[in-house]
Amino acid sequence: MADPSSYRPKPGQIPDSPGVYKFRDEHRRVIYVGKAKNLRQRLANYFQDLAGLHPRTRTMVTTAASVEWTVVSTEVEALQLEYSWIKEFDPRFNVKYRDDKSYPYLAVTLNEEFPRVQVMRGAKKKGVRYFGPYGHAWAIRETVDLMLRVFPVRTCSAGVFKNAERTGRPCLLGYIGKCSAPCVGRVTPEEHRDLAEDFCDFMAGRTGTYIRRLEKDMMQAAEEMEYERAARLRDDAEALKRAMEKSAVVLADATDADLIAVAEDELEAAVQIFHVRGGRVRGQRGWVTDKVEAVDTAGLVEHALQQLYGEETGDSVPKEVLVPALPEDPDAVSQWLADRRGSHVSLRIPQRGDKKDLMGTVQRNAQQALGLHKTKRASDLTTRSRALEEIAEALGLDTAPLRVECFDISHLQGDDVVASMVVFEDGLARKSEYRRFQIKGFEGQDDVRSMHEVIGRRFKRYLQEKERTGEWEDTPAPTGPVPAPGGPAPVGPAPGASGEPAQGDRAPGVPAPGVQGSDVPAPGGTGGPGGPGVPGPVAPAAQEPGPAREEPREDDGRPKRFAYPPQLVVVDGGQPQVAAAKRALDELGIDDIAVCGLAKRLEEVWVPDDDDPVVLPRSSEGLYLLQRIRDEAHRFAITYQRAKRAKRIRSSPLDDVPGLGETRKQALIKHFGSVKKLRQATIDEICEVPGIGRRTAESVAVAFAAAAPAAPAVNTATGEIIEEDDGGSRT
């Protein structure tokens, strides 16, 4: 536990300007990010008598080992920088809302030639119009099914669309009138886009125009005695009305607003959001968070606004945001929201009428969500604690293993040998620290040797990090201001770089200093040895920059790769794999990390230097947790192995043609129809493809001539020969 006075900045060193500050721990990880109108006043609050601090604040300042700050010009800039740093560093003492699920959206892909209506989850894509979120995907499909009668927009996948284009026959929806069938030319691209835009207008709340138009056309058809057409128009209008009824009218003035409510206790808080568009509730979502920092309702609202709108722009930010309490600086938050929307945004507390009543409904939803979450978590937390205690008791550990790493090897008959490392902290998966490895030391099938290599490489990197960050030396961490992202470049050359590719390996070439055969930085890594603090004032360009040192990328507070040791290493296997893992640790001089293995056949737990396994009861929560960890490592390894194998199978001579990118490669395949026909083409025929010059055509021909034709692949289920159709892949 650190003494805050040991890293307290000197009097007068902290500016009284607006800015953002971050606390780091002894490993240089950023553990807390905050903003302030006056940095001097705000930071002084953290260095008062510990007895007067909130318990969570006291825990944070005693965990920290240094504090840094960045000066900005306005409170709006501070808000934006705080949000960016929280997203980047994932500090453990900042409030982070957790979605209990991935909410589905109704999406219209306006970025395609023929826009498609579909259900989408995850990150939003540019050029796609989103509506929602919805509680269930089936609710979206029911709404779309009703609306396709009036707006017959394409809903099929790219594969189905291309197949219909090739055969000249539309899918079933095209025959029953729920798709305008642009795939076979029934409508032009412009006409289909008009349908998609009308669909979006209706979903955005402009419903009256379309219903009135349908009713007018229905009456006209009836006057002309076209009764069948009038009946269809009547049914279309009824379908739109039923689609509208699925979203209850809550505000009579066609308001576009988001209502945010918070329910909290001493430990946790739940947030519920209702999205109201055109006076109707179009979507709902909720988050739950641990109150790991001393924060009131206003602070929770501000964090919710940052997470909700931090990645949104344009109409995704509504004209009005209704909250239970205003943030500390409502003007700055309102300006930040307005910048993201591009026009004024009203941020206020509803005082009376329908909006206050609806806020009460949102508040009740938040309270119910918090109660449900606490009921689930109480059981889950107790179970996880008991599981870790059982593991510690079975393996003879002094304390429960709060961080567990599990390794698994995967291959297919000795080819594409890979390994996985998964991390569980406090009994929960920490997927951001998963790593993948390629086995480089040898070829062929040898799980024991592979395990020895992977464990050695992982913990060799751990020792490198300890040496590089100075944890073997008794040197205090620097304290002081740091440059803002995008600010003046730091002075001084970077002696080295640091980074890590996804598979946990570095490209061969340059070993790291002091370690033979170590991994080297991945492309794109930046930074080098040096302290993060720089003496003297920093930030706005108008200020004079003081002397600075290059800050290494892995010392900037991001979770570092392989820098944090586990209390327990689990390997997927029995006694041989455990012995290999233990031998790798012994060779590196590491003796404070426990090792065990879980054998699949009888689910026996093996420990080093013991001829008999540890047998946990079948009903043991500890055994169940070990099985979950082992199965997750297996899943992660086999997924990577299959991806590598698929990439190798899909490789073609086109991959070796210099200067031939993916776009021109696909243009060649599209022009000739398959790799087989491209292989048979002459140089002059290849030159006919747009964007392919004579030299590139010659290179393509040479590549195919140098590569022996692959043996035809056979579908073992049907006996059919699988033809190549794209970039070397087979269908």
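Preceding this section is the structure that the text describes.
Residues numbered from 1 in each chain as written. Predicted model: local features only at pLDDT ≥ 70, side-chain atom pairs only at ≥ 80, totals over all residues. Heavy atoms only, no water.

A. Expanded view of the side chain of arginine 630. Along the polypeptide, arginine 630 turns up in helix α15 (residues 621-649). Here the side chain of arginine 630 touches glutamate 603 through a polar contact of 3.0 Å, side chain to side chain. Polar contacts involving the side chain of arginine 630 include one to the side chain of aspartate 631, which spans 2.8 Å. (Helix = DSSP H or I, 4+ residues; strand = E, 2+ residues; numbered from the N terminus. Polar contact = N/O pair within 3.5 Å; in protein donor to acceptor, adjacent residues only side chain to side chain.)

B. Region of the structure containing the packing of aromatic side chains. Summed over all chains, the structure comprises 16 aromatic pairs. The interplanar angle of 45° and the centroid separation of 6.3 Å between the aromatic rings of tyrosine 21 and tyrosine 32 together place this pair among those described as tilted. One end of the pair, tyrosine 21, is in strand β1 (residues 19-24); the other, tyrosine 32, is in strand β2 (residues 30-36), and eleven residues separate them in sequence. Here tyrosine 21 and tyrosine 32 have matching classes, each one buried. Aromatic ring contacts, followed pair by pair, group Tyr7, Tyr21, Phe23, Tyr32, Tyr46 and Phe47 into a single cluster. (Phe/Tyr/Trp six-rings, centres within 6.5 Å; stacked < 30°, edge-to-face > 60°. Buried < 20%, exposed > 50% of the residue type's maximum accessible area, 1.4 Å probe, protein only.)

C. Representation of the pattern of salt bridges. Enumeration over the complete set of coordinates arrives at 29 salt bridges. Where lysine 35 meets glutamate 82, a salt bridge forms, and the shortest distance between an N and an O atom there is 3.7 Å. Here lysine 35 is found in strand β2, whereas its partner glutamate 82 is found in helix α3 (residues 75-89), with 47 residues between them in sequence. Residue lysine 35 shares its accessibility class with glutamate 82, and that shared class is buried. Ionic pairing is found between arginine 461 and glutamate 465, a salt bridge with its closest N-O pair at 3.6 Å. Of this pair, arginine 461 and glutamate 465 both sit in helix α13 (residues 447-468), four residues apart, which is roughly one turn of the helix. Assessed through its relative accessible area of 2%, arginine 461 is described here as buried. For glutamate 465, a relative accessible area of 3% puts it in the buried group. (Salt bridge = Lys/Arg side-chain N within 4 Å of Asp/Glu carboxyl O.)

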